[in-house]
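So the chains spell out like this:
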Amino acid sequence: MTSVNGTLPTHGNYHNYHGRVYYNHHAGPHDSRLALLPPELLAGARVLDIGCNEGWVSCEVAQSWAARRVVGVDIDDVLVRMAWKRRRTLWSHQEPPRDAPPPDASSSKKRKRKQQEDVALAPVPRADYFPASCQHMFGPLPIPPVDVGGADAFPHNVSFRCADWVNEVIPEDAGGYDVILAFSVSKWIHLNGGDDGLHRFFRRVHDALTQGGTFVFEPQQWDSYTKARKLHPVQNAKKLQLHPDIFQDVLRGIGFGPARRLGAPGEGSEYLFCCLQSMC
Ligand SMILES: C[S@@+](CC[C@H](N)C(=O)[O-])C[C@H]1O[C@@H](n2cnc3c(N)ncnc32)[C@H](O)[C@@H]1O
């Protein structure tokens, strides 16, 4: 896999990462990792998705898991632009809620009842309300103003920022987050910033969480560093001491509670999930 602009993906800034790695297209556009989370975790939550890539996870959390607010942040501005594009595409494909009044609803009670019956008898709505072919021909549907759908509803509840989140603050950080997601990003932070960079990252996550907030973390295993090292300055890769098997201890030292294993996202996958409550 390459980066979007053909340069070496030294931050793990791969193009089309989600589509190839984590999404099961037979089961619909759902990330297998999100299915491992307790469903109530994301509902109504303010969520930060660090290393959001092309925005697949951020958009899914905002659209399908009832998060109140999702911010996706990525170091690569091309990926962030693609994430905004994905938000628009998903909005185009989203069908209106079934209980929305038909646009030509008349005041006549009889007609209203007939329309309700028709809706009840209608086939189960299809996911491709505005099919991709229409989008190719006419472009995506316009996003309605925020006062129509509401700020807490998709697509208004998700936005993206380009930043190196380990070293830069984004405006949304000030309000704090209930949940912070860090999927497949720690290795890249580690290789680029060394042990100090990774430590700083963990601290920043801790400080950005609201009290009792949850860090959902998918650490990459040590074996997987080998290939990535080839892309990296040797001095960083050689000096690393913080192996993934001690991350939990490091996190405890920073002030997180005990890790809870949520499972592995796919058969034979080496990745584990930890879910840590911030204690202070
Ligand atoms: C391998 S991809 C993982 C994408 C996504 N989190 C997932 O698991 O589906 C790693 C992403 O993290 C981003 N990234 C790496 N270092 C970052 C940093 N310091 N701040 C923000 N994003 C970063 C990369 O650009 C890339 O898109």
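Computed from a predicted model, the values in this text were never measured in an experiment. Here the residue index of a chain counts from 1 through its sequence in written order. Reporting in this predicted model follows two pLDDT cut-offs: at least 70 for local features of residues, and 80 or more for side-chain atom pairs to be given and counted; totals over whole chains, interfaces and linings ignore these cut-offs and use all residues. Here the side-chain values reflect all heavy atoms present in the structure, with hydrogen atoms and water set aside.

**Here's the deal with the pattern of salt bridges**
In step 1: A pair is scored as a salt bridge if a Lys or Arg side-chain nitrogen falls within 4 Å of a carboxyl oxygen belonging to Asp or Glu. The final tally for this structure, using the stated rule, is 6 salt bridges.
In step 2: We note a salt bridge from Asp178 to Arg46, for which the minimum N-O separation is 3.1 Å. Residue Asp178 is located in strand 4 (residues 177-183), and its partner Arg46 is located in strand 1 (residues 46-50); the two are separated by 132 residues in the primary sequence.
In step 3: Exposure remark for Arg46: the relative accessible area of 24% places this residue in the partly exposed category.
In step 4: It is possible to trace a salt-bridge network through shared partners that takes in Asp31, Arg33 and Glu218. Every helix listed is a DSSP run of H or I at least four residues long, and every strand listed is a run of E at least two residues long, numbered separately from the N terminus. Relative accessible area decides the class of each residue, using a 1.4 Å probe on protein chains only: under 20% of the type maximum gives buried, over 50% gives exposed, and in between gives partly exposed.

**Quick notes on the site of the ligand**
In step 1: Near, as used in this document, describes a residue that has one of its heavy atoms within 4 Å of the molecule or strand being considered. As a structural note, the neighbourhood of the ligand is formed by 19 residues, with His18, Arg33, Gly51, Asp74 and Phe183 the closest of them.
In step 2: Per-residue accessibility takes into account occlusion by the displayed protein chains alone, with areas from the Shrake-Rupley method and a 1.4 Å probe. Protein chains shield 98% of the accessible area of the ligand, which is 600 Å² for the free molecule.
In step 3: Just so you know the grouping, Ala, Val, Leu, Ile, Met, Phe, Trp, Tyr, Cys and Pro go in nonpolar, Asp, Glu, Lys and Arg go in charged, and all remaining residues, Gly too, go in polar. Within the shell around the ligand, the residues separate by chemical class into 9 nonpolar, 7 polar and 3 charged.

**Digging into the nonpolar core**
In step 1: As used in this record, nonpolar core signifies buried Ala, Val, Leu, Ile, Met, Phe, Trp, Tyr and Cys residues forming a set joined through side-chain atoms within 4.5 Å. The biggest cluster of nonpolar side chains holds 36 residues, and the ones touching the most others in it are Leu48, Trp165, Ile180, Phe201, Phe202, Val205 and Phe215.
In step 2: At the level of elements, strand 1, strand 2 (69-74), strand 4, helix 7 (186-208), strand 5 (209-218), helix 8 (225-229), helix 10 (247-254) and strand 7 (274-277) are the ones that each hand at least two residues to this core.
In step 3: Examining the composition of this core, we find that 8 residues originate from one element, helix 7, more than from any other.
In step 4: Here, residues are in contact when the closest pair of their heavy atoms is within 4.5 Å. Other than its neighbours up to four places away in sequence, Phe201 contacts Ile50, Trp165, Val166, Ala182, Ile189 and Phe215.
In step 5: Ranked by size, the runner-up nonpolar core spans 27 residues in total, among them Leu34, Cys52, Trp91 and Leu181.

**Observations concerning the packing of aromatic side chains**
In step 1: Pairing of aromatic side chains requires ring centres within 6.5 Å, counting the rings of Phe and Tyr and the six-membered ring of Trp. Pairs whose planes differ by under 30 degrees are stacked, by over 60 edge-to-face, and all others tilted. Counted by the stated rule, this structure contains 12 aromatic pairs.
In step 2: Seen in terms of ring centroids, Phe201 and Phe215 are 6.5 Å apart; in terms of plane orientation they differ by 75 degrees. Their pairing is edge-to-face. Of this pair, Phe201 sits in helix 7 while Phe215 sits in strand 5, placing them 14 residues apart in sequence. When sorted by exposure, Phe201 lands in the same class as Phe215, which is buried.
In step 3: Among the aromatic residues, those joined into a ring-pair cluster are Trp165, Phe201, Phe202, Phe215, Phe217, Phe247 and Phe256.

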